[in-house]
Amino acid sequence: MLIIILKILIPFLIIFNMIPFLIWLERKGSAYIQDRHGPNRAAFFGIRLGGMLHSLADVLKLITKEDIIPLHVHKPFYLLAPFLALTVACVTYAVVPFAHPIEINGEPFTFQAADLNVGILYILAMASLGVYGVMLAGWSSNNKYSLLGGVRSSAQMLSYEIAMGLSLISVLMVGGSLELNNLVISQGATPWSWNFLTQPVAFFLFTTAAFAETNRNPFDLPEGESELVAGYHTEYSSMKFAMFFMAEYAHVIMASALIALLFFGGWQVPLMSTDFLREQAGLGLYILLLAHGILFMVAGIFLLTWFKKGKYGDLRDYEVLVWGIPLVLAGLGLSLYTLLHGSFDLTPLGSQIFAAVVQFMTFMAKILFFCWFFIWIRWTLPRFRYDQLMGLGWKVMLPLGLMNLAVTGIILLMR
Amino acid sequence: MISSYVPILVLFVFAGLFAGAFLGISALLGPKKKSHAGDSIYECGPAPVGGARERFSVKFFLVAILFILFDIEVVFLFPWAILFRQFVNEGMGLFVFVEMAVFLVILVLGYIFVWRKRALDWR
């Protein structure tokens, strides 16, 4: 029972600590794309973390804001909508595998909260429940903007779910399993055998559909600020508004994880299979620690070069020292320790854990890259018009998905 | 088999508590004022004309109906897709593929009909 709770809690904490980070990344990234500085004001004794404290300040602000429930809303559904949106967003990651399963005392130990044999179907089912939150919010707000946002959003999510399902089917034909772990293993460790190269059309369709399902630009018609104020969450304030926001980012993380799992080999380290990692665990740990030591030192020295006395004339001057000096020291310590210790000799269990850690780190790097991809697209492309959006979903993606299915079937038959 | 769903149940309870806590926290910690303009519809914008409980475009219903048709088709495809490789390995690949192709062709005929009837046009 304790293991079950830990398995649930740890990914949960990772994902919910990624949300403020992603909000920071979105604000900072959009700022650099638009050639401005982005958030950099909020400070705590001069510590700004490059604007990351803004996310923390936002949370405090939102929690202590007045909790307005307007008189004209349908109260039960009005309260249920953000609850449903966040709950549904929280439960989807249960079947995501974070690393290759290991064996402890002969018993298999998986790095996923629930080892369901319907894996991907569970994710699809839970993710599509998200439409209820949006629709209830739109209807119960009793506001024309919200209603329009709600119906638009539900129509859009329904339309793109078909394209998403169709693109998945060709991937499943190649992979031959619904379990995400098996799908990842079947892709192998070489990047050219990953599904984004063997199934390029499916990758394109799935990514587009994922953007539409998460209501992100260029498909953010439900929120369309310029026409619908804020769409379905116009009448929401304080933490209830933030809950829709958190649900959206949780969906973005989930969609990134799915793209990584299905098309980019999930936790597979490029060119290094699980067996290879386990065999070379001692050497791998040595290289990993040394590389981190050097990386910390370089990052610390890079930060220290920014130090200029009297730049701001207050505590903010010393922020780079607060981060730079410990980084350099930690990097120096780590490198020296590794060099003096020499090669590592790991037990079989230790080498399995090492392989799992490296795979976990690779998977997180892939997820972060696709989260950044979502942000990148949002601040690069303009928004679709609604008829274009529905036309793309029904007239382009659906036939493309069917054709891709037929071609995949024929290729599999010919082999 | 059913025991593998225990973590899901725990997770649902956990996620529900988490979301409920957020609802509770903002209700508890926020300042409370009585009788203000925030209670009105779209408080900071123009006064609304008429209510929001009006009829909206029938297109949205059409999309929902088409969704059910095509999504059921996708659901039918899932088990077929999983077993396709096995059938190919056993030499039954062509038979299984043609069976599904017949099903898809019937569906595509319906799709063309819907397209020709302009049910997919949005205007």
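Calculation criteria
- Residues numbered from 1 in each chain as written.
- Chains lettered and ligands numbered in written order.
- Predicted model: local features only at pLDDT ≥ 70, side-chain atom pairs only at ≥ 80, totals over all residues.
- Heavy atoms only, no water.
- Helix = DSSP H or I, 4+ residues; strand = E, 2+ residues; numbered from the N terminus.
- Buried < 20%, exposed > 50% of the residue type's maximum accessible area, 1.4 Å probe, protein only.
- Contact = heavy atoms within 4.5 Å.
- Expected span 1.5 Å × (residues − 1).
- Domains from an automatic or database assignment.
- Salt bridge = Lys/Arg side-chain N within 4 Å of Asp/Glu carboxyl O.
- Axes fitted to C-alpha atoms, helices over the stretch in contact; angles between N-to-C directions.
- Parallel < 35°, antiparallel > 145°, perpendicular 65-115°, else oblique.
- Left-handed = near helix turned anticlockwise from the far one by under 90°.

Caption draft 1: Highlighting the overall build of chain B. For chain B, the count of helices and strands is three helices and zero strands. Across chain B, helices and strands are ordered from the amino to the carboxyl terminus as α-α-α. Here chain B holds 123 residues, and 34% of them are scored as buried. For chain B, the proportion of contacts with a sequence separation of at least 24, taken over those separated by at least 6, is 58%.

Caption draft 2: Inspection of unusual backbone geometry at higher detail. All names here are of chain A. Positive phi, close to 60°, is recorded for Asp35, a residue that is not glycine. Note on placement: Asp35 falls in the loop between α1 (2-33) and α2 (53-63). At Asn142, a position not held by glycine, the phi torsion is positive, near 55°. Of note, Asn142 is situated in the loop between α4 (119-140) and α5 (144-175).

Caption draft 3: Main features of helix α13 (residues 319-341) of chain A. All names here are of chain A. The end-to-end C-alpha distance of α13 is 33 Å, a good match for the 33 Å that 23 residues give at a rise of 1.5 Å each. Burial in α13 covers these residues: Glu319, Val320, Gly324, Val328, Gly331, Ser335 and Thr338. For α13, the elements touching its buried residues are α12 (281-304).

Caption draft 4: Structural detail: the domain arrangement of chain A. By the assigned domains, chain A splits into domain 1 (59-268 + 369-414) and domain 2 (279-346). Each of domain 1 of chain A and domain 2 of chain A was reduced to a C-alpha centroid, and the two centroids are 37 Å apart.

Caption draft 5: Region of interest: the pattern of salt bridges. Residue and element names in this part refer to chain A. For the structure on display, the rule yields five salt bridges over all chains. With its nearest N and O atoms 3.4 Å apart, the salt bridge here joins Arg27 to Asp58. Here Arg27, found in helix α1, pairs with Asp58, found in helix α2; they are 31 residues apart in sequence, far enough to count as distant. When the shortest N-O distance is used, the salt bridge between Arg385 and Asp387 registers 2.9 Å. Via salt bridges that share partners, Glu26, Arg216, Glu248 and Arg378 belong to a single interconnected network.

Caption draft 6: Broad picture of the packing of α1 of chain A against helix α14 (residues 348-378) of chain A. Residues and elements named next belong to chain A. The interhelical angle for the contact between α1 and α14, taken along N-to-C directions, is 40°, at an axis separation of 10 Å. Taken together, the axes of α1 and α14 are oblique relative to one another. Like other packed secondary-structure pairs, α1 and α14 cross with a definite hand, here right-handed. Residue-level inspection shows Ile14, Met18, Phe21, Leu22, Leu25, Glu26, Gly29 and Ile33 of α1 in contact with α14, the latter providing Phe360, Met364, Ile367, Leu368, Cys371, Trp372, Ile375, Trp376 and Arg378.

Caption draft 7: Quick look at α4 of chain A. The terminal C-alpha atoms of α4 of chain A, which comprises 22 residues, lie 33 Å apart, in line with the 32 Å expected from a rise of 1.5 Å per residue. A positive phi of about 55° marks Asn142 of chain A, the residue just after α4 of chain A.

Caption draft 8: Representation of the environment of Pro191 of chain A within the structure. All names here are of chain A. Among the structural elements, Pro191 can be located in the loop between α6 (180-187) and α7 (195-198). Residue class for Pro191 comes out partly exposed when judged on its relative accessible area of 23%. For the pair Pro191 and Gly265, spaced 74 residues apart in the sequence, the C-alpha separation amounts to 7.6 Å. Residues contacting Pro191, with those up to four places away along its chain left out, are Phe196, Leu197, Pro270 and Leu271.

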